[in-house]
Amino acid sequence: MITLLKDLTDTSLIRLNIEADDWQTAIRKAAQPLVDHKKVKAAYVDEIINGVLEMGPYIVITKHVALPHARPEAGALESAIGIATLKHPVKFGNKDNDPVKYLFCLSATDNIKHLNALAELAGLFEEKAFFDLLDQANTPEEIMEYLNK
């Protein structure tokens, strides 16, 4: 079965206009819905932050976009993708792609199931309309409506 982006997220995992003063707070707030809805353990979020502290801002994958994630064994309970926008972009330390305004928190229980959803997400990163929607959306429902098309 092919897992699509819309299968891995829902309105409960989407947060718009989060207030964060630094990248660690941005990650914690963006990932909190995944903890609240038992997609990841709290330790998983700590592992995301530890990974960036150890390896640098490798999770900033393109202009203004971060893909916070950790290894499945770090506490992924269910495959899911949380979507978050920041009210004010923050620097992660990636000179080419800072500041980050959009975070897509990934929880993957293995290295394969989520790949189609990630490929779909990568395609969305090419669409200006997707980022326009993220900037203008007032509700998570508007984002889900776009993903369901």
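Residues numbered from 1 in each chain as written. Predicted model: local features only at pLDDT ≥ 70, side-chain atom pairs only at ≥ 80, totals over all residues. Heavy atoms only, no water.

Per an unreviewed UniProt entry, the recorded name for the protein chain is Ascorbate-specific PTS system EIIA component, and the organism is Amedibacillus hominis. Of the protein chain, the UniProt comment under Function (unreviewed entry) reads exactly: "The phosphoenolpyruvate-dependent sugar phosphotransferase system (sugar PTS), a major carbohydrate active transport system, catalyzes the phosphorylation of incoming sugar substrates concomitantly with their translocation across the cell membrane. The enzyme II UlaABC PTS system is involved in ascorbate transport." The UniProt entry for the protein chain carries the following comment under Subcellular location (unreviewed entry): "Cytoplasm". (UniProt positions renumbered as here; feature names shortened; annotations may be inferred.)

J.: What am I meant to see in the overall build of the protein chain here?
T.: Of regular secondary structure, the protein chain possesses six helices and five strands. Listing each helix as α and each strand as β along the protein chain from the N terminus yields α-β-α-α-β-β-β-β-α-α-α. For a compact globule of 149 residues, the expected C-alpha radius of gyration is about 15 Å, and the protein chain comes in at 14 Å, within 12% of that figure. Across its three principal directions, the C-alpha atoms of the protein chain cover 40 × 35 × 25 Å. A buried classification covers 49% of the 149 residues belonging to the protein chain. (Helix = DSSP H or I, 4+ residues; strand = E, 2+ residues; numbered from the N terminus. Rg over C-alpha atoms; globule rule 2.2 N^0.38 Å. Buried < 20%, exposed > 50% of the residue type's maximum accessible area, 1.4 Å probe, protein only.)

J.: What is the right way to look at the sheet that holds strand β1 (residues 14-18) in this model?
T.: Strands pair in a sheet through their backbones, by hydrogen bonds, and they do so in one of two ways: parallel or antiparallel. Pairing is mixed in the open sheet, where five strands are placed in the order β1-β4-β5-β3-β2. Looking at the sheet topology across the chains shown, the edges are occupied by β1 and β2 (60-62). Alignment of strand β3 (residues 65-66) against strand β5 (residues 100-107), held across two bridges, turns out to be parallel. Note on β5: the bridge partner recorded for V65 is Y102. Here helix α5 (residues 128-136) sits on the sheet in contact with β3, β4 (80-90) and β5, set at roughly 100 degrees to β5. (Pairing = 2+ DSSP bridges. Contact = heavy atoms within 4.5 Å. Axes fitted to C-alpha atoms, helices over the stretch in contact; angles between N-to-C directions.)

J.: Please clarify how the packing of aromatic side chains should be interpreted in this entry.
T.: Think of a pair of aromatic rings as described by two things: how far the centres are apart, and how the planes are tilted against each other in angle. Overall, the coordinates contain seven aromatic pairs when judged by the stated rule. A ring pair is formed by W23 and F92, whose centres lie 6.1 Å apart and whose planes are at 40 degrees; its orientation type is tilted. Here F92 lies in the loop between β4 and β5 and W23 lies in helix α2 (residues 23-36), a separation of 69 residues in the sequence. Among the residues examined, W23 registers a relative accessible area of 14% and is labelled buried. For F92, a relative accessible area of 5% corresponds to the buried category. With centroids separated by 4.9 Å and ring planes inclined at 55 degrees, the aromatic side chains of Y102 and F131 adopt a geometry described as tilted. Here Y102 is found in strand β5, whereas its partner F131 is found in helix α5, with 29 residues between them in sequence. As far as burial versus exposure is concerned, Y102 and F131 are alike and both buried. (Phe/Tyr/Trp six-rings, centres within 6.5 Å; stacked < 30°, edge-to-face > 60°.)

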